[in-house]
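If you want the building blocks of each chain, they are given just below.
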Amino acid sequence: MKFRIAIIILLIPLLTGCSGDEKDVENTNVIVSEASKEINNESINEDLNNKKNRDNKVMENKGDHESSTKSTEDDWFVGAINDNLKIHMKLDMKGNKISGKYYYDKYKKDIIISGYRDGNIFSVGTKDSKETIEGMFISDNLIEGIWTDGDVTYPIYLMNDKDSSLIPKKPNNTLMEWKGNWQGGNSGYYRGSRLIIEPIFNNLIKFDLSAFNGTRLGGLSSFAVVENNIATFIGEEGIKYIFTLNNEGNIKLNSDDYSYYCGAGVSFDSIYTKKDFTIAPPTAKEVGLVYSKEQEDIFKNLTGEYYRNFIEVAQFFSEEEDLDGIGANVRTFGLLSYPDAAIVMINQQENLIKAAVHGLDGIYYFSNSEDYGEPPETIKEWAKGQEIIICENKYKQNKSNISINPPKKYIDFMKKRDKSNDIALYAKEDINGDGDYEVILASGINSDKEELGYIEHIYILKEDSQGNLKQLGDNLARSGYSIYQVRLIELNNSSKKYIYCGLTNGVSLRGFSIFELSEDKPKMIAYSASATGSGFDELKDFNGDGKFDGYVQNRSSYDVLYYEIKNTYILKNDEFVLDKTWVDVPEYPENIKDIIIQYMSLRVLNNGKSPEIDKRLSQMCTYDKAEDIDIPESSTYTVLYNTIMGNDKGIEINIEEEDNIAKTVATFSDNDIKYKYIFRLIKIENRWVIDDIKNLSENL
């Protein structure tokens, strides 16, 4: 049974571009820079730009819109960015690929663009600057969307008709009421949904829908056409999402399938409100971990930092048998798709508690009984042989966690934004080296252990001469993954302090992001976390001077075709750059098919930094022009994955073998290209070696 991917991010610009001398590129960048100055400073929504995915393995929304968009190879679209910077654009569409160019009327210098379209939705970008354009073909003659350059986003329209009535109008006051963050009416601690709406024009909005239930997620990001105050999105198989603003001031979502873009058991809400987004965690008594207020206090004191771990996995429970005969009520707890995450045994008469919860490095066991050092048989049976870590009786919070009581005005500042959590970090430092102090303030639980920490808000604040607080930038805790730790760090060859955020999904991922303060604005300078949800990344002090100068990435999931890979980055000229890659290359394949698959896999994975890959490729192939044979990663990766996993749409491999010579034809299709590679192999010292490759790929 096929499930849809948990999170769908609609648009990913493919930044490929023009070839030419360095002077042309330099001139283009100057034009882009000057053109940007022509636009006023009011961004429609900088957060739209921040929604671009870090993940290099995301599924795009495959909207099945009825598209009547004709070829525009010989036509110029004319339009404007933010209604005041005039541009011309020329597009050529082949299949789902787009290429073309555009110029600013003021400069008349061609800028090469390329990208993709999916139904009526498209995304293009440039290679020599940070400009991207994404949006929708409203009709044959009209394109609407958003233009982005770095941190700035503006509306853009383009048309190839001189009819001025086609020029879209700015969003009216009614549509502007849709703008902002909305919470699903049925949202709770363990399941819920969110909606972000940004009006682009009077007839177009950009929306981001997300939902979760337990550990399962869902999401959709796209554009919707507005007519008569009704916004409509049509996706796969004609599935409709229709948005309206009702009389109560809530967004109503109508759909024939609220779960279509979600994982199993996850769906979007039908009503969204702008009420307070803060959802306080339930108590142990409310979720059934304990039965009385007295037991709540005992349990909270007993589990300490791990109290939150129990709460977060107590979406549902089931009654179990007391195998030890101690008169205990036994319950196991879990989340949707993550059952048996915790177990609690309670003798009601004596308030005797024995409890255990899963963590990253084992199962943590707690008890307030005198013989707490030996877990009961009920919990051993539940653990199914996994390591049980005995935690100290009356466990207290780890003192290594940073938690300082700030002045009252900082507490008041945070309480307005986070009513549920305590201050996790208060640090007063001159982090940007300008001679003035800043304050880093965070809420939640700060820990060096992924399973314990949970950071909700991180702010950089500054006091003016009157003692008033000024917030610099937004909440830094907005991330696709949970933040378990926030702290200040130092980097090699720098006198500044940097904000480090430890990232996790609570299961199989550890990563980080690093922020600096530049011109009173927080700026992310490094991000390392596997988009697959599996991988461990760690900041490193290679030279042992107390300052970080690099990091390592450990990968072994589908994004690297299940090879075990370790990437090492070093800090060079204030930037982390890839220095070397270690790959655990498996044994030399015995049969021809596996040789072809391994060879193509290593070609796709080869970044020029791995001696292990270079060595194996040289063993597998003696053809001196092999590097001239193009095996494109973007087209080959998916079919290799399907081949390895035994899925449909893999590589078709046909082998003709005679004595010690074999001819192997590997074919697959991707969009409008049929790839065909012919390998000749010879047997040397009882193993097959490639000695010739021909690329006979052609357009369909």
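Residues numbered from 1 in each chain as written. Predicted model: local features only at pLDDT ≥ 70, side-chain atom pairs only at ≥ 80, totals over all residues. Heavy atoms only, no water.

Enquirer: Now, about the overall build of the protein chain: what can you tell me, with residues and values included?
Expert: The secondary structure content of the protein chain amounts to ten helices and 39 strands. Taking all 700 residues of the protein chain together, 48% fall into the buried category. Sequence separation of 24 or more characterises 50% of the internal contacts of the protein chain that already satisfy a separation of 6 or more. For the protein chain, the exposed area adds up to about 34,300 Å²; of that, 45% sits on carbon and sulfur atoms. (Helix = DSSP H or I, 4+ residues; strand = E, 2+ residues; numbered from the N terminus. Buried < 20%, exposed > 50% of the residue type's maximum accessible area, 1.4 Å probe, protein only. Contact = heavy atoms within 4.5 Å. Areas by Shrake-Rupley, 256 points an atom, 1.4 Å probe, with all protein chains shown as cover.)

Enquirer: Describe in detail the pattern of salt bridges, supporting the description with residues and values.
Expert: Any two side chains of opposite charge can pair if their charged atoms end up close together. The full count for this structure, using the stated rule, is 22 salt bridges. Here Lys462 ties to Asp520 by a salt bridge, and the two come within 3.4 Å at their closest N and O atoms. Placement of Lys462 in strand S25 (residues 454-463) and of Asp520 in the loop between strand S29 (509-518) and strand S30 (521-528) is noted, with a sequence separation of 58 residues between them. You can call Asp520 partly exposed: its relative accessible area is 27%. Salt bridges sharing partners connect three or more residues here, namely Asp434, Glu438, Lys462 and Asp520. (Salt bridge = Lys/Arg side-chain N within 4 Å of Asp/Glu carboxyl O.)

Enquirer: Any chance you could break down the sheet that holds strand S10 (residues 191-201) for me, citing the residues and the numbers?
Expert: Strands sit in the order S9-S10-S11-S12-S13-S14-S15-S16 around a closed barrel of eight strands; the barrel is antiparallel. The average undirected angle you get between the axes of adjacent strands in this sheet is 30°. Of the pairings in the sheet, the one linking S10 to strand S11 (residues 204-213) comprises ten bridges and is antiparallel in character. By the bridge assignment for S11, Arg191 is matched with Asn213. (Pairing = 2+ DSSP bridges. Axes fitted to C-alpha atoms, helices over the stretch in contact; angles between N-to-C directions.)

Enquirer: If you had to explain helix H4 (residues 293-303) to someone new, which residues and values would you point to?
Expert: The set of residues buried in H4 consists of Gln295, Glu296, Phe299, Leu302 and Thr303. Here the buried residues of H4 occupy an arc of 135° about the axis, which is enough to place them on one side. Exposed side of H4, more than 90 degrees from the buried face: Lys293 and Glu294 are the residues found there. At its buried positions, H4 is contacted by helix H5 (307-312), strand S19 (338-347), strand S20 (352-359) and strand S21 (362-367). Once H4 ends, the next one or two residues include Gly304, with phi positive near 55°. (Arc of directions from axis to C-beta.)

Enquirer: Before we move on, could you go through the nonpolar core and cite the residues and values that matter?
Expert: The nonpolar side chains of soluble globular proteins are, as a tendency, buried together. By size, the foremost hydrophobic cluster in this structure holds 40 residues, and its most contacted members are Ile596, Tyr599, Met600, Phe679, Leu681 and Ile690. Residue assignment for this core shows that the elements contributing at least two residues are helix H8 (592-605), helix H9 (611-620), helix H10 (633-645), strand S36 (661-670), strand S37 (673-684) and strand S38 (687-695). Among the elements that make up this core, the one with the highest residue count is H8 (nine residues). In this structure, Ile690 is in contact with Ile595, Ile596, Tyr599, Met620, Cys621, Thr622, Tyr623, Phe679, Arg680 and Leu681, ignoring residues within four places of it in sequence. Counting 26 residues, the second largest nonpolar core, distinct from the first, contains Ala284, Leu289, Val313 and Leu335. (Core = buried A, V, L, I, M, F, W, Y, C linked by side-chain atoms within 4.5 Å.)

Enquirer: Residue-level account of the sheet that holds strand S5 (residues 121-125), with values.
Expert: Judged by pairing direction, the barrel is antiparallel, and its eight strands sit side by side in the order S1-S2-S3-S4-S5-S6-S7-S8 before closing back on the first. Neighbouring strand axes in the sheet, compared pairwise and without regard to direction, differ in orientation by 30° on average. Strand direction decides the pairing type here: strand S3 (residues 97-104) and strand S4 (residues 111-118), joined by six bridges, are antiparallel. Residue pairing in the sheet places Tyr102 in a bridge with Ile111 of S4.

Everything listed here is a matter of geometry and, on its own, says nothing about what the molecule does.
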